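Each chain is listed here by its residues.
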Amino acid sequence: MNATTAPASSTCVPSDAPGAAEANAVIAGARERIDALDAEIIALIRRRMAVSDEVKQARLAVGGPRLALAREMEILATYRDGLGGDGTTIAMTVLELCRGKL
Ligand SMILES: O=C(O)C(=O)C[C@]1(C(=O)O)C=C[C@@H](O)C=C1
(Lines give C-alpha, C1' and ligand atoms only; values in the text may rest on other atoms or scores of the structure.)
Protein backbone atom coordinates (compact mmCIF):
# COMPACT_ATOMS: atom_id res chain seq x y z
CA MET A 1 0.00 0.00 0.00
CA ASN A 2 1.41 3.44 -0.86
CA ALA A 3 0.75 6.60 1.19
CA THR A 4 -2.14 7.84 -0.97
CA THR A 5 -4.10 4.63 -0.34
CA ALA A 6 -3.39 4.52 3.39
CA PRO A 7 -6.54 4.04 5.49
CA ALA A 8 -8.15 7.24 6.85
CA SER A 9 -7.55 6.07 10.42
CA SER A 10 -3.80 6.36 9.95
CA THR A 11 -4.12 10.09 9.09
CA CYS A 12 -6.31 10.76 12.16
CA VAL A 13 -8.91 12.44 9.92
CA PRO A 14 -12.52 11.61 10.93
CA SER A 15 -13.65 9.52 7.97
CA ASP A 16 -17.18 11.04 7.89
CA ALA A 17 -16.03 14.69 7.97
CA PRO A 18 -16.80 16.81 4.90
CA GLY A 19 -13.53 17.17 3.00
CA ALA A 20 -12.04 14.05 4.59
CA ALA A 21 -10.84 12.65 1.28
CA GLU A 22 -9.10 15.91 0.37
CA ALA A 23 -7.55 16.18 3.84
CA ASN A 24 -6.31 12.59 3.57
CA ALA A 25 -4.76 13.30 0.19
CA VAL A 26 -2.98 16.41 1.51
CA ILE A 27 -1.74 14.53 4.57
CA ALA A 28 -0.58 11.52 2.56
CA GLY A 29 1.37 13.74 0.14
CA ALA A 30 2.92 15.75 2.95
CA ARG A 31 3.84 12.55 4.82
CA GLU A 32 5.68 11.27 1.75
CA ARG A 33 7.70 14.49 1.73
CA ILE A 34 8.32 14.21 5.49
CA ASP A 35 9.54 10.62 5.06
CA ALA A 36 11.91 11.73 2.30
CA LEU A 37 13.20 14.61 4.43
CA ASP A 38 13.72 12.31 7.44
CA ALA A 39 15.70 9.91 5.25
CA GLU A 40 17.90 12.82 4.12
CA ILE A 41 18.37 14.04 7.70
CA ILE A 42 19.40 10.54 8.82
CA ALA A 43 21.82 10.21 5.90
CA LEU A 44 23.32 13.63 6.69
CA ILE A 45 23.76 12.73 10.35
CA ARG A 46 25.48 9.48 9.36
CA ARG A 47 27.82 11.43 7.07
CA ARG A 48 28.50 13.90 9.89
CA MET A 49 29.33 11.01 12.24
CA ALA A 50 31.90 9.71 9.77
CA VAL A 51 33.51 13.15 9.33
CA SER A 52 33.56 13.72 13.09
CA ASP A 53 35.31 10.36 13.50
CA GLU A 54 37.94 11.48 10.95
CA VAL A 55 38.66 14.53 13.10
CA LYS A 56 38.86 12.42 16.26
CA GLN A 57 41.22 9.86 14.71
CA ALA A 58 43.53 12.59 13.40
CA ARG A 59 43.71 14.20 16.82
CA LEU A 60 44.11 10.96 18.80
CA ALA A 61 46.84 9.76 16.42
CA VAL A 62 49.08 12.59 17.58
CA GLY A 63 48.23 12.31 21.25
CA GLY A 64 45.44 14.91 21.34
CA PRO A 65 42.24 14.67 23.36
CA ARG A 66 39.03 12.98 22.20
CA LEU A 67 37.02 16.19 22.70
CA ALA A 68 37.32 19.85 21.69
CA LEU A 69 34.89 21.63 24.00
CA ALA A 70 35.43 25.15 22.61
CA ARG A 71 34.49 23.80 19.19
CA GLU A 72 31.38 22.19 20.69
CA MET A 73 30.35 25.62 22.02
CA GLU A 74 30.59 27.01 18.47
CA ILE A 75 28.40 24.18 17.18
CA LEU A 76 25.80 24.75 19.90
CA ALA A 77 25.70 28.44 18.95
CA THR A 78 25.29 27.59 15.25
CA TYR A 79 22.25 25.41 15.93
CA ARG A 80 20.79 27.93 18.38
CA ASP A 81 21.22 30.76 15.86
CA GLY A 82 19.65 28.64 13.12
CA LEU A 83 16.79 27.04 15.05
CA GLY A 84 16.29 28.97 18.30
CA GLY A 85 16.59 27.55 21.81
CA ASP A 86 15.52 24.03 20.87
CA GLY A 87 18.35 24.00 18.33
CA THR A 88 20.71 23.59 21.27
CA THR A 89 18.98 20.35 22.21
CA ILE A 90 19.35 19.05 18.66
CA ALA A 91 23.02 20.06 18.64
CA MET A 92 23.60 18.18 21.91
CA THR A 93 22.02 15.05 20.44
CA VAL A 94 23.99 15.37 17.19
CA LEU A 95 27.21 15.80 19.15
CA GLU A 96 26.38 12.79 21.33
CA LEU A 97 25.78 10.67 18.23
CA CYS A 98 29.12 11.83 16.79
CA ARG A 99 31.46 11.74 19.78
CA GLY A 100 29.55 9.60 22.24
CA LYS A 101 28.34 10.56 25.71
CA LEU A 102 30.45 12.88 27.83
O1 LIG B 1 35.72 19.51 15.57
C2 LIG B 1 36.27 18.67 16.28
O3 LIG B 1 37.36 18.91 16.84
C4 LIG B 1 35.68 17.35 16.48
O5 LIG B 1 36.24 16.49 17.13
C6 LIG B 1 34.32 17.11 15.94
C7 LIG B 1 33.23 17.26 17.01
C8 LIG B 1 31.89 17.24 16.24
O9 LIG B 1 31.34 16.16 16.05
O10 LIG B 1 31.48 18.32 15.79
C11 LIG B 1 33.29 16.11 17.93
C12 LIG B 1 33.90 16.18 19.16
C13 LIG B 1 34.49 17.42 19.66
O14 LIG B 1 34.35 17.55 21.04
C15 LIG B 1 34.04 18.61 18.91
C16 LIG B 1 33.42 18.53 17.72
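Numbering of residues starts from 1 in each chain and follows the order in which that chain's sequence is written. Restriction of local features to residues with pLDDT of at least 70 applies here, the model being predicted, together with a cutoff of 80 or more for giving and counting side-chain atom pairs; totals for whole chains, interfaces and linings are based on all residues. Hydrogen atoms and water are omitted, and side-chain values are computed over all heavy atoms in the structure.

Draft legend 1. The UniProt feature "domain: Chorismate mutase" (unreviewed entry) in the protein chain, seen in detail. UniProt positions are given in the numbering used here, feature names are shortened, and annotations may be inferred rather than shown by experiment. Look at the UniProt record and you will see "domain: Chorismate mutase" (unreviewed entry) annotated at residues 21-102. For the purposes of this entry, the term helix denotes a DSSP run of H or I that reaches at least four residues, the term strand denotes a run of E that reaches at least two, and both are numbered from the N terminus. Secondary structure content for residues 21-102 is 87% helix and 0% strand, while the C-alpha to C-alpha distance between its ends is 49 Å.

Draft legend 2. Focus on the pattern of salt bridges. Here, a salt bridge means any side-chain nitrogen of Lys or Arg that lies within 4 Å of a carboxyl oxygen of Asp or Glu. Inspection of the entire model under this criterion finds 4 salt bridges. The salt bridge partner of Arg71 is Glu74, with a shortest N-O separation of 3.1 Å. Taken together, the positions of Arg71 and Glu74, both in helix α2 (residues 69-83) and 3 residues apart, correspond to about one turn of that helix. Each residue is assigned to one of three classes by its accessible area relative to the maximum for its type, calculated with a 1.4 Å probe on protein chains only: buried under 20%, partly exposed between the two thresholds, exposed over 50%. Assessed through its relative accessible area of 48%, Arg71 is described here as partly exposed. Taking relative accessible area as the criterion, Glu74 reaches 48% and is therefore assigned partly exposed. A salt bridge links Arg99 to Glu72, with the nearest nitrogen and oxygen atoms 2.9 Å apart.

Draft legend 3. The arrangement of the UniProt feature "coiled-coil region" (unreviewed entry) in the protein chain in detail. Listed under "coiled-coil region" (unreviewed entry) in the UniProt record, and renumbered for this structure, are residues 20-47. Secondary structure content for residues 20-47 is 100% helix and 0% strand, while the C-alpha to C-alpha distance between its ends is 40 Å.

Draft legend 4. Summary view of the site of the ligand. The full set of residues close to the ligand is Arg48, Ser52, Val55, Arg59, Leu67, Ala68, Arg71, Glu72, Ile75, Leu95, Cys98 and Arg99. Polar contacts here mean pairs of N or O atoms no more than 3.5 Å apart (in protein, one a potential hydrogen donor and the other a potential acceptor; neighbouring residues in sequence count only if both atoms are side-chain atoms). Residue Arg59 places a side-chain N or O atom 2.7 Å away from an oxygen atom belonging to the ligand. In the complex, the protein chains occlude 90% of the 360 Å² of accessible area that the ligand would expose alone. Put simply, the parts of the chain that give the shell around the ligand at least two residues each are α1 (20-61), α2 and α3 (85-99). Here the residues of the shell around the ligand sort into 6 nonpolar, 1 polar and 5 charged. Proximity is defined per residue: any heavy atom of the residue falling within 4 Å of a molecule or strand makes that residue near it. Only the protein chains shown count as cover for residues, and all accessible areas are computed by the Shrake-Rupley method using a 1.4 Å probe. Gly is put with the polar residues, along with every residue not named as nonpolar or charged; the nonpolar set is Ala, Val, Leu, Ile, Met, Phe, Trp, Tyr, Cys and Pro, and the charged set is Asp, Glu, Lys and Arg.

Draft legend 5. Quick look at α2. Helices are assigned an expected span. That span is 1.5 Å times one less than the residue count. In a regular helix each residue adds 1.5 Å, so 15 residues correspond to 21 Å; α2 covers 21 Å between its end C-alpha atoms and thus fits that length. Contacts: residue pairs with any heavy atoms within 4.5 Å of one another. Buried residues belonging to α2 abut α1 and α3. Taken from the residues just after α2, Gly84 is the one with a positive phi, measuring 85 degrees.

Draft legend 6. Representation of the packing of α2 against α3 in the model. Running from amino to carboxyl end, α2 crosses α3 at an angle of 140 degrees, the nearest separation of the two axes being 7 Å. On the basis of the axis angle, α2 is oblique to α3. Between α2 and α3 lies a crossing whose hand is right-handed. Contacts between α2 and α3 involve Glu72, Ile75, Leu76, Tyr79, Arg80 and Leu83 on the former and, on the latter, Gly85, Gly87, Thr88, Ile90, Ala91, Met92, Val94, Leu95 and Arg99. Across the contact of α2 with α3, the residue classes break down as 9 nonpolar, 3 polar and 3 charged. Structural elements are reduced to axes, namely lines fitted to C-alpha atoms, with helices fitted over the stretch in contact, and the angle between N-to-C directions of any two is expressed from 0 to 180 degrees. Put simply, angles under 35 degrees are roughly parallel, angles over 145 are roughly antiparallel, angles from 65 to 115 are roughly perpendicular, and the rest are oblique. Here is the rule for handedness: rotate from the far helix to the near one, and if that takes an anticlockwise turn smaller than a right angle the crossing is left-handed, while a clockwise turn gives right-handed.

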